[in-house]
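# A closer look at the structure
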Amino acid sequence: MPDRYLSFTGTAPGRFLTRRLGLPQPAALHRWSPDRPALDGPLLPLTAGPSALDLAPVLARTGPAVDPAGAAVRPAAVVLDATGVRDVDTLAGVHAALHPVVRSVVPSGRIVVLGAPLDPADHHQSAAQQALEGFTRSLGKEIGGGRTVNLVRLTDAGAAESTLRFLLSPRSAYVSGQVIDVLAAAGPVPPADPGRPLAGRTALVTGAARGIGAAVAETLARDGARVVVLDVPQAAQDARRLADRLGGTALTLDITAADAGERIAAELPGGLDVLVHNAGVTRDRRLVNMPAERWSSVLDVNLASVLRTTDALLAEGTLRPGGRIVATASIAGLAGNAGQTNYGASKAGIVGLVRSLAPRALAEHGVTVNAVAPGFIETRMTAAVPLFIREAGRRMNSLAQGGLPVDVAETTAWLADPASGAVNGQVVRVCGQSLLGA
Ligand SMILES: NC(=O)c1ccc[n+]([C@@H]2O[C@H](COP(=O)([O-])OP(=O)(O)OC[C@H]3O[C@@H](n4cnc5c(N)ncnc54)[C@H](O)[C@@H]3O)[C@@H](O)[C@H]2O)c1
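Residues numbered from 1 in each chain as written. Predicted model: local features only at pLDDT ≥ 70, side-chain atom pairs only at ≥ 80, totals over all residues.

### Notes on the overall build of the protein chain
Threshold: Working definition: helices are DSSP H or I runs of at least four residues, strands are E runs of at least two. Numbering for both runs from the N terminus. We take the radius of gyration over the C-alpha atoms and set the globule estimate at 2.2 Å times the residue count to the 0.38 power. A residue pair is marked as a contact if its C-beta atoms, positioned from the backbone, fall within 7 Å.
For the protein chain, the count of helices and strands is 15 helices and 12 strands. Computed over C-alpha atoms, the radius of gyration of the protein chain comes to 21 Å, within 12% of the 22 Å expected from 2.2 N^0.38 for 438 residues, which places it in the range of a compact globule. Put simply, of all contacts in the protein chain between residues at least 6 apart along the chain, 76% involve residues at least 24 apart.

### Describing the sheet that holds strand β5 (residues 179-182)
Put simply, the test is: A strand pair is defined by DSSP finding two or more bridges across the two strands. With axes taken as lines fitted to C-alpha atoms, and helix axes fitted only over the stretch in contact, angles between N-to-C directions fall between 0 and 180 degrees.
Strand order in the open sheet made by the five strands is β1-β2-β3-β4-β5, with parallel pairing throughout. Looking at which strands have only one partner, the edges of the open sheet turn out to be β1 (43-47) and β5. If you compare each strand with its neighbour and ignore which way they point, the axes differ by 20° on average. The pairing of strand β2 (residues 77-81) with strand β3 (residues 110-115) spans five bridges and is classified as parallel. Bridged to Leu80 within β3 is Val113. Most of the contacts of helix α5 (residues 123-143) go to strand β4 (residues 148-154), to which it runs at about 160°, and overall it touches β3, β4 and β5.

### Description of the site of the ligand
Worth spelling out the cut-off: Being near a molecule or strand means, for a residue, that its C-beta atom, positioned from the backbone, comes within 6 Å of it. Classification convention: Asp, Glu, Lys, Arg as charged; Ala, Val, Leu, Ile, Met, Phe, Trp, Tyr, Cys, Pro as nonpolar; all other residues, Gly among them, as polar.
Taken together, 27 residues are adjacent to the ligand, and Gly207, Gly211, Gly280, Thr379 and Met381 come closest. When contributions to the shell around the ligand are tallied by element, the ones reaching two or more residues are α7 (211-222) and α13 (380-383). Residues belonging to the shell around the ligand are distributed by class as follows: 12 nonpolar, 11 polar and four charged.

### A closer look at the environment of Leu91
Along the chain, Leu91 falls in helix α4 (residues 88-98). When the C-alpha positions of Leu91 and Gln129 are compared, they lie 8.3 Å apart, and in sequence the two are 38 residues distant. The residues contacting Leu91, other than those within four sequence positions of it, are Val85, Ala128 and Ala131.

### Looking at the environment of Ala258
What counts here: Here exposure depends only on C-beta density: within 10 Å of a residue's C-beta, 20 or more other C-beta atoms make it buried, 12 or fewer make it exposed, and intermediate numbers make it partly exposed, the C-beta atoms being placed from the backbone.
With respect to the helices and strands, Ala258 occurs in the loop between β8 (249-252) and α9 (260-267). Taking the number of C-beta atoms within 10 Å as the measure of exposure, Ala258 has 9 and is therefore exposed. Sequence separation between Ala258 and Gln234 is 24 residues, and the spatial gap between their C-alpha atoms is 19 Å.

### Details of the nonpolar core
Under the convention used in this document: To form a nonpolar core, buried Ala, Val, Leu, Ile, Met, Phe, Trp, Tyr and Cys residues must be joined through C-beta atoms within 7 Å. Here the limits of each domain have been adopted from an automatic or database domain assignment.
Formed by 125 residues in total, the largest nonpolar core has its most connected members in Leu80, Ala217, Leu220 and Val229. Sort the elements by how many residues they give to this core and helix α12 (residues 341-365) lands first, with eight residues. Two domains each provide a minimum of three residues to this core, namely domain 1 (31-182) and domain 2 (202-430). For Ala217, the residues in contact, after removing those within four places along its chain, are Val205, Ala208, Val227, Val229, Leu242 and Leu246.

### Some remarks on the packing of α7 against helix α15 (residues 405-416)
For clarity, the cut-off: Roughly parallel here means an angle under 35 degrees, roughly antiparallel means over 145, roughly perpendicular means 65 to 115, and every remaining angle is called oblique. Definitions for this section: a left-handed crossing has its near helix turned counterclockwise from the far helix by less than a right angle. A right-handed crossing has that turn clockwise.
Across the interface, α7 lies against α15 with an axial gap of 8 Å and an inter-helix angle of 50°. For the element pair α7 / α15, the angle class is oblique. Here the hand of the crossing between α7 and α15 comes out right-handed. Between α7 and α15, the contacting residues are Gly211, Ile212, Ala215, Val216, Glu218, Thr219 and Leu220 on the first element and Pro405, Val406, Val408, Ala409, Glu410, Thr412, Ala413 and Ala416 on the second. For the contact of α7 with α15, the class distribution of residues is 10 nonpolar, three polar and two charged.

### Some remarks on α5
Rule in force here: Given a helix with a known number of residues, its expected span is that number minus one, times 1.5 Å. Each direction from the helix axis to a C-beta atom contributes to the arc, which is the arc of those directions.
Its 21 residues give α5 an end-to-end C-alpha distance of 30 Å, which sits within 8% of 30 Å, the value for a rise of 1.5 Å per residue. Of all the residues in α5, the buried ones are Ala128, Gln129, Leu132, Phe135, Thr136, Leu139 and Gly140. Viewed end-on, α5 has its buried residues packed into an arc of 125°, placing them on one side of the element. Structural note: α5 exposes His123, Gly134, Ser138 and Glu142 on the side pointing more than 90 degrees away from its buried face. If you follow the buried residues of α5, they end up packed against α4, β3, β4 and β5. Phi turns positive one or two residues past the end of α5, at Gly144, with a value near 70°.

### What to know about the pairing of strand β10 (residues 319-328)
Where we set the bar: The handedness rule is simple: strands pointing away from the viewer, and a clockwise path from the first strand over the helix to the second, make the crossover right-handed.
With respect to burial, β10 is a largely interior element, seven of its 10 residues being buried. Here strand β9 (residues 272-277) pairs with β10 via five bridges, running parallel. Among the inter-strand pairings, Leu272 is bridged to a residue of β10, identified as Leu319. With respect to chirality, the unit in which β9 leads through helix α10 (residues 292-315) into the neighbouring parallel β10 is right-handed. Here β10 runs beside strand β11 (residues 368-374); their pairing, made up of five bridges, is parallel. Residue pairing for β11: Arg324 is matched across the bridge by Thr368.

### As for the domain arrangement of the protein chain
Interfaces are often described in size by the accessible area the parts lose on coming together. Assigned domains within the protein chain: domain 1 (31-182) and domain 2 (202-430). Relative placement of domain 1 and domain 2: their C-alpha centres are 28 Å apart. Opposite the 22 residues of domain 1 that make contact, domain 2 presents 17 residues. No other element matches helix α6 (residues 161-167), which puts four residues into the side of domain 1 that touches domain 2.

### Regarding the sheet that holds β10
Taken together, the seven strands give an open sheet; going across it, the order is β8-β7-β6-β9-β10-β11-β12, and neighbouring strands pair in parallel fashion. Lying at the two open borders of the sheet, with one neighbouring strand each, are β8 and β12 (427-430). For this sheet the average axis-to-axis angle between neighbouring strands, irrespective of direction, equals 20°.

### Observations concerning the pairing of β3
Most of β3 is tucked away, with six of its six residues classed as buried. Burial of the side chains of β3 extends over both faces: Arg110, Val112 and Leu114 are buried on one face and Ile111, Val113 and Gly115 on the other. What joins β2 to β3 is α4, and the crossover it makes is right-handed. Pairing of β3 with β4 involves six bridges; the strand directions are parallel. Opposite Ile111, over in β4, you have Val149 as the bridge partner. At this point the chain moves from β3, through α5, to the parallel β4, and the crossover so formed is right-handed.

What follows is the structure in structure tokens.
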């Protein structure tokens, strides 16, 4: 279902008319492609407060050419190191640094604010660092033009390199208003080829015959992974076709089968590096009209099977050290949605699973556990939504448009990167900064 409004506002008369009427102004987003793999301009590094981060060598490797003198008239990316902000006085440095340049950031440009973990022993530092979150989310809502604003909390610039590479590239086009902690004690970062970081790795994606899952499989294969495309028997043909195209294998399996984990393990005697729990279903009804079967079928696919297969694959040692689990939540699990008590419960359950398991899985198995939380993504699932609700869903975010499956796929690929070991227990929304939920 193409977004005709976005096409219309991309024309001069469309822009004129919608601006006069005060209607949303979605910008065509710059997404990654082989022809246009980087942002259109240099990176401007800025600092607020004293900083102990050794950022320069990391920024030099992340993509856009660094323009330390700020000579560029129009930066494509701005990185503000605010890790040294400790109180309201040093917080003023955030305004001082960004106020003069915010207007000049190119369309589809990036602003990344770097913050420090909140210090529980210092309420002034905590207040000032938490202030960065409100600042980031507010700037994301007002900046427009397909630009994004995100906050990364870190202590070690090197451990955040893959995260900065993602956020400072067209791959993160639909990720805005996010707060990402890159604080896990990561092991040594392997010397990955940033062009093919998943070379030599095996990735399994559930529900990958179509929609977001198919895009995830495709993106992980682009990044070098050997992919296993898992889907139900009814989708076997599509799964096989995709697997053939990507040089991977198809696995026909209903993920709710009690022995699904064991069957996956048997299929992968050489082990697994990346497990993407993407399969999901909706069976919408208000609670008053919802029979138990609608409740249990959604909870089973979206949550119970994720718990079961994760447990089995960790217990069997199928997920190798350095492995990555990426589960799929949803903004419906964060904000709630009428008619989706079953779906919202299942997706909130994913958040609970990620937060609880992440530290233990890393300590005991060397495996990180994170989730993506898509907002409105243009798929068959959302094409079935009635017209007016669909239009509202598309526009109710800072980028005033729906995301594409590839936006979720790129975010998954960053979390799956061997260099992302310091990203653990995070729920990253891919929602264009939806107005729903935090
Ligand atoms: N599309 C959106 O806007 C959106 C928003 C938030 C979250 N999500 C989540 O993203 C994921 C993918 O969504 P989508 O829009 O691509 O959905 P989709 O319906 O297009 O695809 C889902 C895939 O999962 C497979 N599947 C369903 N039950 C399965 C089972 N028991 N075993 C194995 N495979 C099974 C289906 O056959 C299908 O191929 C889901 O978890 C969904 O809840 C989607």
